[in-house]
Amino acid sequence: QVQLVESGGGLVQAGGSLRLSCVASGRTFSSYVMGWFRQAPGKERELVAGITGSGGSTFYAASAKGRFTISRDNAKDTVYLQMNSLKPEDTAVYYCAARFGVNPYYSGAYYGDSGKYNSWGQGTQVTISS
């Protein structure tokens, strides 16, 4: 199991950008599939994006496609979420999560199965003003 710590959240105006970071510790980071999830008040937690251990394959929810980019630096045990063209509806607490996996590709259903992630960060608040 890995320990995860997110950072980078904040308050920005609509149309702005933020980059979230999630630093992992405790195990071989490259053996873990990473996901970014978010939860807005009164809503269920939802997948935003996912990335394989090598970083060679990614998945995006429809709401994130074209605006967000997930990436990772295994040398730094860190996964990132670059968020551009932010909208008020992106306001939420953002969480990174890890699950063991070494395949080169996974389906969206795999990334979105939040119950299968073994480790979660504490969350970072993202607030987009209109």
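Check the entry above for the structure.
As the structure is a computational prediction, the values presented were derived from the model and not from experiment.

(A) Quick look at the nonpolar core. Of all hydrophobic cores here, the largest spans 29 residues; its most connected members are Met-34, Trp-36, Leu-81, Met-83 and Tyr-94. One finds Val-33, Phe-37, Leu-47 and Ala-97 within the second-largest nonpolar core, a separate group that totals eight residues.

(B) Structural view of the environment of Ala-24. In this structure, Ala-24 sits in strand β3 (residues 18-25). Since its relative accessible area comes to 6%, Ala-24 is described here as buried. A C-alpha to C-alpha distance of 6.1 Å links Ala-24 and Thr-78, two positions 54 residues apart in sequence. If we ignore the near neighbours within four places in the chain, the residues touching Ala-24 are Gln-3, Leu-4, Phe-29 and Asp-77.

(C) Representation of the packing of aromatic side chains within the structure. What the rule picks out here adds up to eight aromatic pairs. Between Tyr-117 and Trp-120, the ring centres sit 5.9 Å apart and the planes meet at 55 degrees, which makes this aromatic pair tilted. Trp-120 sits in the partly exposed class, given a relative accessible area of 25%. Every member of this aromatic cluster is reached through a ring pair, and the members are Phe-59, Tyr-106, Tyr-110 and Tyr-111. The side chain of Arg-72 reaches across the aromatic face of Phe-29, ending 4.3 Å from its centre.

(D) How the structure looks around the pattern of salt bridges. Tallying each qualifying case throughout the model produces four salt bridges. Residue Arg-38 is joined to Glu-46 by a salt bridge in which the shortest nitrogen-to-oxygen separation is 2.6 Å. Taking relative accessible area as the criterion, Arg-38 reaches 7% and is therefore assigned buried. As a salt-bridge pair, Asp-90 and Arg-38 come within 2.9 Å of each other at their nearest N and O atoms. Taken together, the positions of Asp-90 in the loop between β8 (78-83) and β9 (92-100) and Arg-38 in strand β4 (residues 32-39) put the pair 52 residues apart, joining distant regions of the chain. As far as the burial class goes, Asp-90 and Arg-38 line up, both buried. Salt bridges here are not isolated pairs; linked through shared partners, they connect Arg-38, Glu-46, Arg-67 and Asp-90.

Procedures and definitions
Residues numbered from 1 in each chain as written. Predicted model: local features only at pLDDT ≥ 70, side-chain atom pairs only at ≥ 80, totals over all residues. Heavy atoms only, no water. Core = buried A, V, L, I, M, F, W, Y, C linked by side-chain atoms within 4.5 Å. Buried < 20%, exposed > 50% of the residue type's maximum accessible area, 1.4 Å probe, protein only. Helix = DSSP H or I, 4+ residues; strand = E, 2+ residues; numbered from the N terminus. Contact = heavy atoms within 4.5 Å. Phe/Tyr/Trp six-rings, centres within 6.5 Å; stacked < 30°, edge-to-face > 60°. Lys NZ or Arg CZ within 6 Å of the ring centre and 35° of its normal. Salt bridge = Lys/Arg side-chain N within 4 Å of Asp/Glu carboxyl O.

So yeah, pure geometry; function would need other evidence.
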